[in-house]
Amino acid sequence: DPTGEPAGTLVRTSAKYAPDAEDTDRVSATLLALVRNEEVDDMVASMVDLERTWNNKFNYPWTFFNDRPFSAEFKKKTSAATNATCNYELIPKEHWDAPSWIDPDIFEESAAVLKKNGVQYANMMSYHQMCRWNSGMFYKHPALKDVRYYWRVEPKVHFFCDVDYDVFRYMQDNNKTYGFTITLYDDPHTLPTLWPQTAKFLADHPSYLHEHSAIKWVVDDIRRPQHNREAQGFSTCHFWSNFEVADMEFWRSKAYEDYFEHLDRAGGFFYERWGDAPVHSIALGLFEDSSKIHWFRDIGYQHIPFFNCPNSPKCKGCVTGRLTDGEPFLHREDCRPNWFKYAGMG
Ligand code: GDP
Ligand code: MN
């Protein structure tokens, strides 16, 4: 299929996808964004792209999350960018604040070490909170209680290709857990003890390892052995989570909950800078059937500085096959071949 669209997907645009349709073809899902008030214009830019290429046909609701109340301006501008329903949700303090066992003095000392090692945002407490919330909190928000799938959207991202099928229904009908566009190597300095902590967890819970897992992808050391060494056994290759389409049942499973709890207790969201991307990716790579993870080759996407740009007439505004506008060395950050090697192209 030259468009890269999954076989058997249909254009389902119909009255049943009208924003307020009672007898709707939509599955239980939302577009989801954690965002600050001052990012409203960049958020609207992302919405304009996704509405134009996809959501105007399906009218999935948008759910915005913030650790502070959304401003009237934010609500006005974002709701004007879509025909779909918009929900504005405050994150409860107990989901956002660092847990009681995190020591502010140790946080400061650790941040200094991370900073010395060139780790971005090391001493920015809110960045650590954001990574932890995206790892283990967002799907516990009461506003998502009856919602199953989400598509994560950040401010200032771009979508380039017309997508004519219901992406959420595709996930449901094909029994997919997680969809990604880009995978990258991570900076090992952000997560030196994430893999040792994970190995400890696995040793205590061997039954959580899925029999068709992608564990070989998680621990791969072939193309970038030094990453694996510095990360003490983790390849650092991860699904780039600023884009994700996923089934929250996975995050709500006992295996993932126990894993998150273990990591949270270990303190690395604050004393190191564990990202939600490697945490999600390791969990998916260990506890899920790799065939339930889908590469959306047909969704043209950019979050600076990387692209996923399909070779299709449905795509406008990106260059086919180009990972980045940046320096050639950035191409080395792409680790999709590792995923295809162990899990196939889907
Ligand atoms: P980067 O992509 O790793 O550089 O991180 P970003 O700055 O893009 O942050 C990731 C996402 O979390 C974006 O959608 C931000 O808008 C959001 N975000 C980050 N920190 C905060 C915060 O303190 N409060 C809120 N409400 N959103 C945040
Ligand atoms: Mn971002």
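Everything here concerns the structure above.
Now for a look at the structure at hand. Keep in mind that this is a model prediction, so the values were computed, not measured. (Residues numbered from 1 in each chain as written. Chains lettered and ligands numbered in written order. Predicted model: local features only at pLDDT ≥ 70, side-chain atom pairs only at ≥ 80, totals over all residues. Heavy atoms only, no water.)

Here we take up the coordination of the manganese ion (ligand 2). Coordination sphere of the manganese ion (ligand 2), protein contribution only: Glu154 (OE) and His303 (NE2), at 2.0 to 2.2 Å. With a gap of 149 residues between them, Glu154 in the loop between strand E4 (149-152) and strand E5 (158-159) and His303 in strand E11 (residues 301-303) connect regions that are remote in the sequence. Overall, the relative accessible area of 19% leaves His303 in the buried class. (Donors = N, O, S within 2.8 Å, 3.2 Å for Na, K, Ca; no water. Helix = DSSP H or I, 4+ residues; strand = E, 2+ residues; numbered from the N terminus. Buried < 20%, exposed > 50% of the residue type's maximum accessible area, 1.4 Å probe, protein only.)

Right, let's talk about the environment of Ala343 for a bit. By secondary structure assignment, the location of Ala343 is in helix H14 (residues 336-343). Distance in space between the C-alpha atoms of Ala343 and His294 is 9.6 Å, their sequence separation being 49 residues.

Turning our attention to the pattern of salt bridges. The tally for this structure, following the rule as stated, stands at 21 salt bridges. The closest approach of N and O atoms between Asp23 and Lys16, which form a salt bridge, is 3.5 Å. Of the residues examined, Asp23 reaches a relative accessible area of 55% and is grouped as exposed. Since its relative accessible area comes to 34%, Lys16 is described here as partly exposed. As a salt-bridge pair, Asp258 and Lys254 come within 2.7 Å of each other at their nearest N and O atoms. Of this pair, Asp258 and Lys254 both sit in helix H11 (residues 254-266), four residues apart, roughly one helical turn. (Salt bridge = Lys/Arg side-chain N within 4 Å of Asp/Glu carboxyl O.)

Right, let's talk about the nonpolar core for a bit. Among the nonpolar cores identified, the biggest contains 55 residues, and Phe138, Trp251, Tyr256, Tyr259 and Phe287 are the most heavily contacted of them. Those residues in contact with Phe287, other than ones at most four positions away along the chain, are Phe201, Leu202, Tyr208, His210, Phe250, Ala255 and Tyr259. Core analysis: the next-biggest nonpolar cluster, separate from the first, contains 42 residues, Val27, Val40, Val153 and Phe306 among them. (Core = buried A, V, L, I, M, F, W, Y, C linked by side-chain atoms within 4.5 Å. Contact = heavy atoms within 4.5 Å.)

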